[in-house]
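Each chain, letter by letter, is given below.
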Amino acid sequence: MKKRSKKMLYVVCGILAASLLLVLICKLFIIPSVSPEQNSPASTNSSETPASQKKTVTGYASWPLYTFESAINESATIVWGKVLGKGDTVINEQTDSLGQTSSEYFREVTIEIIDCAKGDIQAGEMIYLEPGGETEDTIYIMDGAPLVTPGQEYIFFLNEHDVFMSPTTLIPVINGNAQTSGLIAPNIPTGQSISSDSMSAQQYMEEVRALID
């Protein structure tokens, strides 16, 4: 009776050992047979495109030379104003005699009028077109063209399109004084205690009016 029980025990142990061996075989051979693309996150196509940087396009111009008198005569508008802010970029398309079209980029700048010596400008605000601008993918720069700063005052000599006539016709005004160094300025009579690099913006505008009248 004891021999039969031992024999049954051996049979049960053998069955259990065979079952464990079968489980190990399944883990080693059946589970790894699953395609790695279905289980590995690294295999998924998750590459991100980096943000593209805007390209810069620089334009060049041959700026005309002006004296104080010629700038007054040839300008359409002469105003002393404060820059309130910069707005959208506008595109001016021109077609030459050969039928070729070119584009010029300008940024709209809102100017608060302090004084107007020439032009049909009433008290209030006007839009000045600053050379250059920016689109979704490109920054446009005009070589040699000074950029105005919001909050800063300037005296503007503008053409009929409300663009400055040359870099020398955009006069910064700091603490009420026009900074004329290297820019167009009236001839100051000898003996007046006025620096050659600056003068009162109010007097500057009076000198403009004197030549217009």
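Residues numbered from 1 in each chain as written. Predicted model: local features only at pLDDT ≥ 70, side-chain atom pairs only at ≥ 80, totals over all residues. Heavy atoms only, no water.

**Observations concerning the overall build of the chain**
Part 1: For the chain, the helix and strand inventory stands at 3 helices and 10 strands.
Part 2: Taken from the N to the C terminus, the helices and strands of the chain come in the order α-β-α-β-β-β-β-β-β-β-β-β-α.
Part 3: Looking at the chain as a whole, 28% of its 213 residues qualify as buried.
Part 4: The long-range fraction of contacts in the chain, counting pairs at least 24 apart against all pairs at least 6 apart in sequence, stands at 58%.
Part 5: By element, 54% of the accessible surface of the chain is carried by carbon and sulfur atoms, the whole surface being about 14400 Å². (Helix = DSSP H or I, 4+ residues; strand = E, 2+ residues; numbered from the N terminus. Buried < 20%, exposed > 50% of the residue type's maximum accessible area, 1.4 Å probe, protein only. Contact = heavy atoms within 4.5 Å. Areas by Shrake-Rupley, 256 points an atom, 1.4 Å probe, with all protein chains shown as cover.)

**Some thoughts on the packing of aromatic side chains**
Part 1: As enumerated under the stated definition, the model contains 6 aromatic pairs in all.
Part 2: Pairing Phe68 with Tyr204 gives two aromatic rings, centres 5.5 Å apart and planes at 90 degrees, and the pair type is edge-to-face. Here Tyr204 lies in helix α3 (residues 201-212) and Phe68 lies in helix α2 (residues 68-74), a separation of 136 residues in the sequence. Of the two residues examined, Phe68 and Tyr204, each falls in the buried class. (Phe/Tyr/Trp six-rings, centres within 6.5 Å; stacked < 30°, edge-to-face > 60°.)

**Side note on the sheet that holds strand β1 (residues 55-59)**
Part 1: The strand order across the open sheet formed by 3 strands is β1-β6-β5, and the pairing between neighbours is mixed. Both edges of this open sheet fall to β1 and β5 (133-134), since each of them pairs with a single strand only.
Part 2: Here 5 bridges tie β1 to strand β6 (residues 138-142), and the two strands are oriented parallel to one another. Each residue of the ladder has a partner; that of Lys55, found in β6, is Thr138. (Pairing = 2+ DSSP bridges.)

**Here we look at unusual backbone geometry**
With the exception of glycine, the majority of residues adopt a negative phi angle, and the majority of peptide bonds are in the trans configuration.
Part 1: One non-glycine residue, Asp162, lies in the positive phi region at around 65 degrees.
Part 2: The phi dihedral of Asn175 falls on the positive side, at around 55 degrees, and the residue is not glycine.
Part 3: Summarising the element assignment, Asn175 is placed in the loop between β8 (170-174) and β9 (177-179).

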